[in-house]
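Examination of the molecular architecture
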Amino acid sequence: MNNNNYLIINSGSSSVKFSLYVADHVEATLTGIAERLSTEQTKMSWTFENNKRELELAGADHREVLHNLFNILSKLNLFKSLTAIGHRIVHGGEYFKSSALITPNVLTKIEACSALAPLHNPAAVTGIQAVLEQLPDIPQVAVFDTAFHQTMPEHAFLYGLPYELYESQGIRKYGFHGTSHQYVANQAITKLGLDKNNSGLITAHLGNGCSICAVQNGASIDTSMGFTPLEGVMMGTRSGDIDPSIHQFLANKLNLPLAEITNILNKRSGLLGLSGSSNDMRTLSAKANEGDKQAALAIEVFAYRLAKSIAGMVAGLSRLDALVFTGGIGENSFLVRAKVLSHLTVLGFELDPELNNQGGDNLGLITKANSRRATIIHTQEEWVIAQDTIRLTQTEA
Ligand code: AMP
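Thresholds applied
Residues numbered from 1 in each chain as written. Predicted model: local features only at pLDDT ≥ 70, side-chain atom pairs only at ≥ 80, totals over all residues. Heavy atoms only, no water. UniProt positions renumbered as here; feature names shortened; annotations may be inferred. Core = buried A, V, L, I, M, F, W, Y, C linked by side-chain atoms within 4.5 Å. Buried < 20%, exposed > 50% of the residue type's maximum accessible area, 1.4 Å probe, protein only. Helix = DSSP H or I, 4+ residues; strand = E, 2+ residues; numbered from the N terminus. 1 Å grid on protein atoms, 1.4 Å probe; cavity = no way out; pocket = protein on both sides within 12 Å on 5 of 7 lines; lining within 4 Å. Points joined across faces, edges and corners; volume = space filled by probe spheres on them. Nonpolar A, V, L, I, M, F, W, Y, C, P; charged D, E, K, R; others polar. Salt bridge = Lys/Arg side-chain N within 4 Å of Asp/Glu carboxyl O. Pairing = 2+ DSSP bridges. Near = heavy atom within 4 Å. Polar contact = N/O pair within 3.5 Å; in protein donor to acceptor, adjacent residues only side chain to side chain. Areas by Shrake-Rupley, 256 points an atom, 1.4 Å probe, with all protein chains shown as cover. Sits in = over half its atoms within 2 Å of the grid points. Contact = heavy atoms within 4.5 Å.

Looking up the protein in an unreviewed UniProt entry gives the name Acetate kinase, with the organism given as Catenovulum adriaticum. Under the UniProt heading Catalytic activity (unreviewed entry), the entry covering the protein gives this text: "acetate + ATP = acetyl phosphate + ADP". UniProt annotates the protein under Subcellular location (unreviewed entry) with the comment "Cytoplasm".

On to the nonpolar core, then. The biggest cluster of nonpolar side chains holds 42 residues, and the ones touching the most others in it are Ile202, Phe302, Leu323, Phe325 and Val340. Contributing elements (two or more residues each) for this core: strand 9 (200-206), strand 10 (210-216), helix 10 (281-289), helix 11 (293-313), strand 12 (322-326), helix 13 (334-342) and strand 13 (373-376). For this core, the element with the highest residue contribution is helix 11, accounting for nine residues. Grouped together as the second largest cluster of nonpolar side chains are 27 residues, Leu37, Leu57, Leu66 and Leu73 included.

What follows covers unusual backbone geometry. Non-glycine residue Arg36 carries a positive phi angle of around 50°. Despite not being glycine, Glu49 shows a phi value in the positive range, around 50°. Along the chain, Glu49 falls in the loop between strand 4 (43-48) and strand 5 (51-56). The exposed category is assigned to Glu49, whose relative accessible area is 58%.

This next bit is on the layout of surface pockets. Size it by volume and the second largest pocket reaches roughly 450 Å³. Taken together, 13 residues form the lining of the second largest pocket, with Asp280, Met281, Arg282, Gly328 and Ile329 sitting closest to its centre. For the lining of the second largest pocket, the secondary structure elements donating two or more residues are helix 10, helix 12 (327-332) and helix 13. Counted by class, the lining of the second largest pocket contains four nonpolar, seven polar and two charged residues.

Counted by the stated rule, this structure contains ten salt bridges. For Glu350, the salt bridge goes to Lys368, with nearest N and O atoms at 3.6 Å. One end of the pair, Glu350, is in the loop between helix 13 and helix 14 (353-357); the other, Lys368, is in the loop between helix 14 and strand 13, with 18 residues separating them in the sequence. The partly exposed category is assigned to Glu350, whose relative accessible area is 42%.

The next point concerns the pairing of strand 2 (residues 16-22). Of all seven residues that make up strand 2, six are buried, and the element is covered over most of its length. Judged from the seven bridges that link them, strand 1 (residues 5-11) and strand 2 form a sheet pairing that is antiparallel. If you follow Ile8 over to strand 2, its bridge partner there is Ser19. Hairpin connection of strand 1 to strand 2: four residues between the antiparallel strands. As paired elements, strand 2 and strand 3 (residues 30-35) share five bridges and run antiparallel to each other.

Taken together, Gly207, Asn208, Asn279, Asp280, Met281, Arg282, Gly327, Gly328, Ile329, Asn332 and Ser333 make up the full set of residues adjacent to the ligand. A distance of 2.9 Å separates an oxygen atom of the ligand from a polar atom in the backbone of Asn208. Within the side chain of Asn332, one N or O atom sits 3.4 Å away from a nitrogen atom of the ligand. Contact with the protein chains removes 72% of the 500 Å² of surface that the ligand exposes when unbound. When atoms are counted within 2 Å of each cavity's grid points, the one that captures over half of the ligand is the second largest pocket. Of all elements in the fold, only helix 10 and helix 12 reach the threshold of two or more residues within the shell around the ligand. Here the element with the most residues in the shell around the ligand is helix 12; it accounts for four residues. Residues of the shell around the ligand, tallied by class, amount to two nonpolar, seven polar and two charged.

This part covers the UniProt feature "active site" (unreviewed entry) in the protein. Per the UniProt record, "active site" (unreviewed entry) is annotated on Asp145. Of note, Asp145 is situated in the loop between strand 8 (140-144) and helix 4 (154-157). We classify Asp145 as buried; its relative accessible area is 2%. When neighbours within four sequence positions are excluded, Asp145 is seen to be in contact with Arg88, Ile89, Val90, Gly175, Phe176, His177, Gly178 and Thr179.

Structure representation (structure tokens):
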């Protein structure tokens, strides 16, 4: 095996996703996930050369999972030949405006951002340390969900709160899904033949988590997620924007602790909460088709709130060349795309139903020739992390 192997690690709050890239090959050679960490059901599965394997790892935490991953890579003769390792890091606070080669100083700053992402950043730090224990000399790169949005101007990232809370507590909009927004915006600029330095896009990343971003001349100038990934548009299980007074009201009425209400907003709301049955758009679309009124209602609210948010986001742009759909829902749900555009005719969008149903023309376009353009672009977050890892470690070599 050659030694141009790059391992990408995405440490979530209760899962670790991983993929192995051979430089410049867009398809990962090995991909896998460990889920339900630190429970009796902890399980790791991976696919290598079309073989899917599974390993029961009851009770394993992030560190143990990574040690098992390194063992697996060793057995496949892929471990010692690793060139570099890239980590997805949820929060880079105001420290990181782009990806960074991990040094002790960078690691300290990632740890300092743990207060802003208490479930995610500590997991990523554990991942980095687990690598340091076994391969102390291998270059590691941090790629941040927040970095792309560090170009937002103050008027976009500040809340209407006492300024002192921004200064003392860091309360501001940070934004997430940055690697995806940046990637699909760049792809759209190239595919649609736009002049990057005079371009305006709205990118809509619609997966289990959803966010939209206003991209002016290739840079993020506003985004829907905020201080945490709970703000913004409605999602699979997250409410998105609600009146902040609801917390206090429910705490009083239902005698619930604030943490429980936050849990409802994160885990039991959104598509799941409104439909009462599923957070999965594919399932809900099938149910709505069969006459399930709650499923249909959940999709209606999802699409309307999304369209409203897109229309609001246009305020930051000096021009609007295209709306870009990406993520599992954005790329696959012709129903959601059609509903969203039907609310946005005032912005000049006219859907081409045929193109929409077939998943776009050769440029991904789903709108009629005279319409403002809307397009589908496939996002590749892991690949972008691999690209940054390669770029930063090659520069340093
Ligand atoms: P992601 O987090 O990007 O993997 O996206 C997950 C979401 O995409 C889930 O709500 C899926 O139901 C949705 N999704 C994936 N495929 C389809 C499809 N063919 N039609 C509708 N929704 C889909």
